[in-house]
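# Architecture and fold: a report
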Amino acid sequence: MENKDNELSDFFEDDETYETITLTDEDGIETDFVVIDAIENNKTKYLLVVSAKDVDLDEPEAAILKEINSDNEFSYYEFVENDDEFKKVSVLFHDNETDYEMNF
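None of the values given here were measured: they were computed from a predicted structure.

## Comments concerning the nonpolar core
V34, I36, I39, Y46, L48, V50, I64, V80, V89 and F93 form the largest nonpolar core, which has 10 residues in total. Looking at this core, the elements with two or more residues in it are β3 (30-41), β4 (44-51) and α2 (83-95). Beyond its immediate sequence surroundings of up to four residues, I64 is in contact with Y46, L47, L48, E78, F79, V80, F86, V89, S90 and F93.

Written out as structure tokens, the structure is:
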């Protein structure tokens, strides 16, 4: 998936900002997500995101994106689907000092 907004470096510097990104899938369908948190582990960036249409729900379902490539114009992400990697990164987000609550 391709991120059309390559301004996430600002998010990593300012935890108070909730960035909205647009991901484009292989079929060209665009979906907006709100970035709740971002971490870096072993030189890999991960984003905790919520679909923009669900962000106002009391308990929206979040997903974790992994940066797989980046160039001067775009960043490329995929959803973390491997159970072991998902658990590991979820714990990192949970242990990060944050203002949100995570339920597993």
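## Describing the pattern of salt bridges
Overall, the coordinates contain two salt bridges when judged by the stated rule. Ionic pairing is found between K53 and D54, a salt bridge with its closest N-O pair at 4.0 Å. Classification of K53 by relative accessible area gives exposed; the value is 71%. Among the salt bridges present, the one from E85 reaches K66, with a minimum N-O distance of 3.1 Å. You can see E85 sitting in helix α2 and its partner K66 sitting in strand β5 (residues 62-70), a full 19 residues away along the chain. Relative accessible area serves as the criterion here: at 22%, K66 is assigned to the partly exposed category.

## With respect to the confidence of the model for the chain
Across the chain, the average pLDDT comes to 82, with 76% of residues at or above 70. Low pLDDT (under 50) marks residues 4-15, which in the prediction has 29 contacts with non-local residues, meaning those over four places away or in another chain.

## Quick word on the packing of aromatic side chains
Tallying each qualifying case throughout the model produces two aromatic pairs. When the centroid spacing of 6.0 Å and the interplanar angle of 65° are considered together, the rings of F33 and F79 count as edge-to-face. With a gap of 46 residues between them, F33 in strand β3 and F79 in strand β6 (residues 75-79) connect regions that are remote in the sequence. Of the residues examined, F33 reaches a relative accessible area of 9% and is grouped as buried. When its relative accessible area of 28% is taken as the criterion, F79 is described as partly exposed. Between F74 and Y76 the ring centres are 6.3 Å apart and the planes differ by 55°, which places this aromatic pair in the tilted class. For F74, a relative accessible area of 19% gives the class buried. A relative accessible area of 23% means that Y76 is categorised as partly exposed.

Reading guide: rules and limits
Residues numbered from 1 in each chain as written. Predicted model: local features only at pLDDT ≥ 70, side-chain atom pairs only at ≥ 80, totals over all residues. Heavy atoms only, no water. Core = buried A, V, L, I, M, F, W, Y, C linked by side-chain atoms within 4.5 Å. Buried < 20%, exposed > 50% of the residue type's maximum accessible area, 1.4 Å probe, protein only. Helix = DSSP H or I, 4+ residues; strand = E, 2+ residues; numbered from the N terminus. Contact = heavy atoms within 4.5 Å. Salt bridge = Lys/Arg side-chain N within 4 Å of Asp/Glu carboxyl O. pLDDT = per-residue confidence, 0-100. Phe/Tyr/Trp six-rings, centres within 6.5 Å; stacked < 30°, edge-to-face > 60°.

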